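Geometric and topological summary
What follows is the residue order along each chain.
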Amino acid sequence: MADVIYCSVNGRVVTLCDTPDVQPEHMYQKDQTVMITGLRQHQLYWEDAEAYVPLKSSMEQDFKKLYDSGFRKFLVCGKPGIEMLAAEVVCDMKSHYDMVASMYVPYNGFEYYLKAEEIFGQAYYWKLQNRLDEVRVITRQVDPGNTGVRRMKAVTRCLTKAIDHSSRLVVYSSKGKDDSYIKNAVTQAKESGIPIERHNL
């Protein structure tokens, strides 16, 4: 089974990927790729979309600095919260910068676990999908009834792929609030010798 089930550019499937190394022509190499992660929606405690505006402005400044440092591909794994927000910010910046907004999705059917009524819910997810330059599904897991253990394995596999394809990890979190997902990302980055850039919220 292929590591990557499909790739898409601006919501359009462009190639079947038999190996994880298949890239659309406009994609960038590992040394130009940064992965972004951070707190999930339930850890942010903001229920109004307007409350995220100052954070989005701050992230835009951070991403400009990364861009000036040579990063062109901004990668997330689609977790609701900081990761989706980061992807939205990059999509907003693309009209002025030569950036690629990329998302690795853990498994087919991932959106079934997003709550429709939340800010980073299904409607937000699908709107974002249509703006991204690259979408990669890492594991073929289409049945939303699959066990939580299998889903977590798929999420971990997705995270590992993202770390492997990045040369820097950027984390948006608060002191003492790193969950197991963030801790896993940080641990993998350290083991891979990838620099970690932290921003406290």
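Below is a short write-up of the structure. Everything numeric here is computed off the predicted structure, so don't read it as measured data.

Our next topic: the state of the cysteines. According to the stated counting rule, one finds 0 disulfides in the structure shown. There is no disulfide at Cys158, and the cysteine sulfur nearest it, in Cys77, is 3.7 Å away.

On to the layout of surface pockets. In this structure, the largest pocket occupies an estimated 410 Å³ of space. Taken together, 16 residues make up the lining of the largest pocket; nearest its centre are Arg40, Lys79, Pro80, Tyr113 and Leu114. Among the secondary structure elements, those contributing two or more residues to the lining of the largest pocket are helix H1 (41–44) and helix H5 (148–164). When residues of the lining of the largest pocket are assigned to their parent elements, the largest contribution, 4 residues, is made by H5. Classifying every residue of the lining of the largest pocket gives 8 nonpolar, 3 polar and 5 charged.

A few words on the pattern of salt bridges. Pairing between side chains becomes possible if they bear opposite charge and their charged atoms approach one another. All told, the structure shown has 9 salt bridges when counted by the stated rule. The salt bridge involving Glu134 is made with Arg136; its shortest N-O contact spans 2.8 Å. Both residues of the pair, Glu134 and Arg136, count as buried. With a closest N to O distance of 3.3 Å, Arg168 and Glu197 form a salt bridge. With a gap of 29 residues between them, Arg168 in strand S7 (residues 168–173) and Glu197 in strand S8 (residues 196–200) connect regions that are remote in the sequence. On the basis of relative accessibility, which here comes to 23%, the residue Arg168 falls in the partly exposed class. When salt bridges with common partners are traced through the structure, they connect Lys73, Glu134 and Arg136 into a single cluster.

Right, let's get into the pairing of strand S6 (residues 134–139). When you tally the buried positions in S6, you get 6 out of 6 residues, the bulk of the element. Two elements, strand S5 (residues 100–107) and S6, share 5 bridges in a ladder whose sense is parallel. Pairing of Tyr104 across the sheet is with Arg136, part of S6. For the crossover that starts at S5, traverses helix H4 (residues 122–129) and ends in the parallel S6, the hand is right-handed.

Attention now moves to the packing of aromatic side chains. Applying the stated criterion across every chain, the model contains 7 aromatic pairs. Arranged with centres 5.1 Å apart and planes meeting at 70°, the rings of Tyr67 and Tyr97 form a pair that is edge-to-face. A residue pair is termed long-range when its members are at least 10 positions apart, and Tyr67 in helix H2 (residues 53–68) and Tyr97 in the loop between helix H3 (82–93) and S5 qualify at 30 residues. Note on Tyr67: relative accessible area 16%, which makes it buried.

A word on the nonpolar core. Soluble globular proteins tend to bury their nonpolar side chains together. Ranked by internal contacts, the top residues of the largest apolar core, which has 57 residues, are Met59, Phe63 and Phe74. It is H3 that provides the largest number of residues to this core, a total of 9 residues. Residues in contact with Met59, not counting those within four places in the same chain, are Ile82, Leu85, Ala86, Val89 and Tyr172.

Thresholds applied
Residues numbered from 1 in each chain as written. Predicted model: local features only at pLDDT ≥ 70, side-chain atom pairs only at ≥ 80, totals over all residues. Heavy atoms only, no water. Disulfide = S-S within 2.5 Å. 1 Å grid on protein atoms, 1.4 Å probe; cavity = no way out; pocket = protein on both sides within 12 Å on 5 of 7 lines; lining within 4 Å. Points joined across faces, edges and corners; volume = space filled by probe spheres on them. Helix = DSSP H or I, 4+ residues; strand = E, 2+ residues; numbered from the N terminus. Nonpolar A, V, L, I, M, F, W, Y, C, P; charged D, E, K, R; others polar. Salt bridge = Lys/Arg side-chain N within 4 Å of Asp/Glu carboxyl O. Buried < 20%, exposed > 50% of the residue type's maximum accessible area, 1.4 Å probe, protein only. Pairing = 2+ DSSP bridges. Right-handed = clockwise from strand over helix to strand, strands pointing away. Phe/Tyr/Trp six-rings, centres within 6.5 Å; stacked < 30°, edge-to-face > 60°. Core = buried A, V, L, I, M, F, W, Y, C linked by side-chain atoms within 4.5 Å. Contact = heavy atoms within 4.5 Å.

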